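Residue-level listing of the chains:
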Amino acid sequence: ELSEIREQEQANAVETLGVQELVLLHHPDGSLEDNDEFRMELVRQIRQVQPDVVLCPEPYRKNLAWHRDHRIAGQVTLDAVFPCARDHLHFVELWRDEGLEPHKTGTILFWGTDEADTSIDISDSMNAKLKAISAHASQMGGRSIKEIEAFIKERAQVTEGGSGNEYVEEFRKL
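Computed from a predicted structure; not experimentally measured.

### With respect to helix H7 (residues 145–156)
For step 1, the next point in the chain: Between the first and last C-alpha of H7 there are 16 Å, a value that for 12 residues agrees with the 16 Å anticipated at 1.5 Å per step.
For step 2, the next point in the chain: Considered for burial, the residues of H7 that qualify are Ile148, Ile152 and Ala156. The buried residues of H7 occupy an angular sector of 55° when the element is viewed end-on, so they sit on one face. Across H7 from its buried face, at more than 90 degrees, point the exposed residues Lys146 and Glu154.
For step 3, the next point in the chain: Those residues of H7 hidden inside the fold are in contact with helix H5 (126–134), helix H6 (137–140) and strand E4 (168–173).

### Looking at the packing of H5 against H7
For step 1, the next point in the chain: Put simply, H5 and H7 touch, their axes get as near as 10 Å, and they point 125° apart. When the axes of H5 and H7 are compared, the pair comes out oblique. Relative to H7, the crossing made by H5 is right-handed. In this structure, H5 uses Met126, Lys129, Leu130, Ile133 and Ser134 to contact H7, whose residues at the interface are Ile145, Ile148, Glu149, Ile152, Lys153 and Ala156.
For step 2, the next point in the chain: Among the residues forming the contact of H5 with H7, the class breakdown is 7 nonpolar, 1 polar and 3 charged.

### Digging into the environment of alanine 116
For step 1, the next point in the chain: Mapped onto the fold, alanine 116 is located in the loop between strand E2 (107–111) and strand E3 (118–121).
For step 2, the next point in the chain: In this structure, the C-alpha to C-alpha distance between alanine 116 and arginine 172, residues 56 residues apart in sequence, is 4.5 Å.
For step 3, the next point in the chain: Non-local contacts of alanine 116, meaning those with residues more than four positions away in its chain, are made with Glu170, Phe171 and Arg172.

### Thoughts on the pairing of E4
For step 1, the next point in the chain: Judged from the 2 bridges that link them, E2 and E4 form a sheet pairing that is antiparallel. For leucine 109, the partnering residue across the bridge sits in E4 and is lysine 173.
For step 2, the next point in the chain: Across 4 bridges, the pairing between E3 and E4 is antiparallel. Bridging from a neighbouring strand, serine 119 pairs with glutamate 170 of E4.

Calculation rules
- Residues numbered from 1 in each chain as written.
- Predicted model: local features only at pLDDT ≥ 70, side-chain atom pairs only at ≥ 80, totals over all residues.
- Heavy atoms only, no water.
- Helix = DSSP H or I, 4+ residues; strand = E, 2+ residues; numbered from the N terminus.
- Expected span 1.5 Å × (residues − 1).
- Buried < 20%, exposed > 50% of the residue type's maximum accessible area, 1.4 Å probe, protein only.
- Arc of directions from axis to C-beta.
- Contact = heavy atoms within 4.5 Å.
- Axes fitted to C-alpha atoms, helices over the stretch in contact; angles between N-to-C directions.
- Parallel < 35°, antiparallel > 145°, perpendicular 65-115°, else oblique.
- Left-handed = near helix turned anticlockwise from the far one by under 90°.
- Nonpolar A, V, L, I, M, F, W, Y, C, P; charged D, E, K, R; others polar.
- Pairing = 2+ DSSP bridges.

In structure tokens:
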């Protein structure tokens, strides 16, 4: 049943959001490990896509009530970005066998952080965000669109200062 929900989520992402490419690494929930296999999968994607910015969960939250997979995904992603994807000495086989040159990503943005230092205005993309979250059936199943919208908008409202933005996402930037 869970695999059917995930297949529907993938179809929704492509159809509703106009996603052009969706890459899934197919790790079962709760099974992520900080190991070379997972790190190499991420390095491969970084070297293929060559992003300027990588977003991932904050692995170093003070509040440890944080999903194990999120902590591990954040830590392994950080290591994959630097030094592994950037250095030719890490995962030589990706360069030698697949022709994937090292890539230096300029910025990592940690979401779910306790110490945000970067706010990004998402006011113009709020509808796309609502569609994306609504398509995440395994997490949002049973909630109405109105409930999802109220939850997302409340979390994204500017609470302090006079930034002039209606909705923001906050990150810790490296």
